[in-house]
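Letter by letter, the chains look like this.
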Amino acid sequence: MTDANRTPEAELLDYLQQRDVKCPTCGYNLRDLRRARCPECGSGLGLTVSVVDPFLSAWVVMVGVLFSAAGVGMFMLAYLTSMGFPPLPRSWIGKFAQGAIFYLIAAIPVALVTALCRRPFLRLNHLRQIRAALLVTLVTLGCAGILGYTLFILR
Ligand SMILES: [Zn+2]
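Below or above, wherever it landed, is the structure these notes cover. Keep in mind the model is a prediction, meaning the values are calculated, not measured.

**Things to note about the overall build of the protein chain**
Phase 1 of the analysis: Looking only at helices and strands, one finds five helices and zero strands in the protein chain.
Phase 2 of the analysis: The linear arrangement of helices and strands in the protein chain, starting from the amino end, is α-α-α-α-α.
Phase 3 of the analysis: Taken over the C-alpha trace, the protein chain has a radius of gyration of 25 Å; the compact-globule value for 155 residues is 15 Å, which it surpasses by more than 25%.
Phase 4 of the analysis: Here the protein chain holds 155 residues, and the buried ones make up 19% of them.

Structural data, given as structure tokens:
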């Protein structure tokens, strides 16, 4: 039975009376808890609603693509520090290749930040998540293509 005057703490304690639930912080069994705080680690506790089947594909694709770009970026960074900037054509494709090198190096911190920002990313609606993942994938593929073409085919 639900009662509008019941506190969230009372709901939590009721819920934990019949269930073996582990503390999310320390893993202590919270069955028969008397107050909304873990007796083992002292973490404050509350009931929450979560999504049963989270939509993770776009985030996984985006992080995967960014870490791949970051891997190439680290290689480029090592190359630039030891060999200097590679000779690029003076035409527009050389400028694009230069931009691609900077993009791949910038992907190193961006990949780390994106990996850490899963929750804010998942708060975007699915269409925006897919668009972001698609944009990052296309830009990364474009950069890799231009750079590969400039460094390995034009030379
Ligand atoms: Zn605990």
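**Observations regarding helix α3 (residues 92-116)**
Phase 1 of the analysis: With 25 residues, α3 should reach 36 Å at 1.5 Å per residue; the first-to-last C-alpha distance of 36 Å fits that figure.
Phase 2 of the analysis: Here α3 has its buried residues at Ala-97, Ala-100, Ile-101, Tyr-103, Leu-104, Ala-107, Ala-111 and Thr-114.
Phase 3 of the analysis: Looking at the buried residues of α3, the elements they touch are α2 (57-83) and α5 (126-153).

**What to know about the nonpolar core**
Phase 1 of the analysis: The biggest cluster of nonpolar side chains holds 22 residues, and the ones touching the most others in it are Met-62, Leu-66, Ala-69, Ala-100, Leu-104 and Ala-107.
Phase 2 of the analysis: Broken down by secondary-structure element, the contributors of at least two residues to this core are α2, α3 and α5.
Phase 3 of the analysis: No other element matches the 10 residues that α2 contributes to this core.
Phase 4 of the analysis: If we ignore the near neighbours within four places in the chain, the residues touching Ala-100 are Cys-143, Ile-146 and Leu-147.

The rules behind these values
- Residues numbered from 1 in each chain as written.
- Predicted model: local features only at pLDDT ≥ 70, side-chain atom pairs only at ≥ 80, totals over all residues.
- Helix = DSSP H or I, 4+ residues; strand = E, 2+ residues; numbered from the N terminus.
- Rg over C-alpha atoms; globule rule 2.2 N^0.38 Å.
- Buried ≥ 20, exposed ≤ 12 C-beta atoms within 10 Å, placed from the backbone.
- Expected span 1.5 Å × (residues − 1).
- Contact = placed C-beta atoms within 7 Å.
- Core = buried A, V, L, I, M, F, W, Y, C linked by C-beta atoms within 7 Å.

Don't take any of this as a statement about function, it's just geometry.
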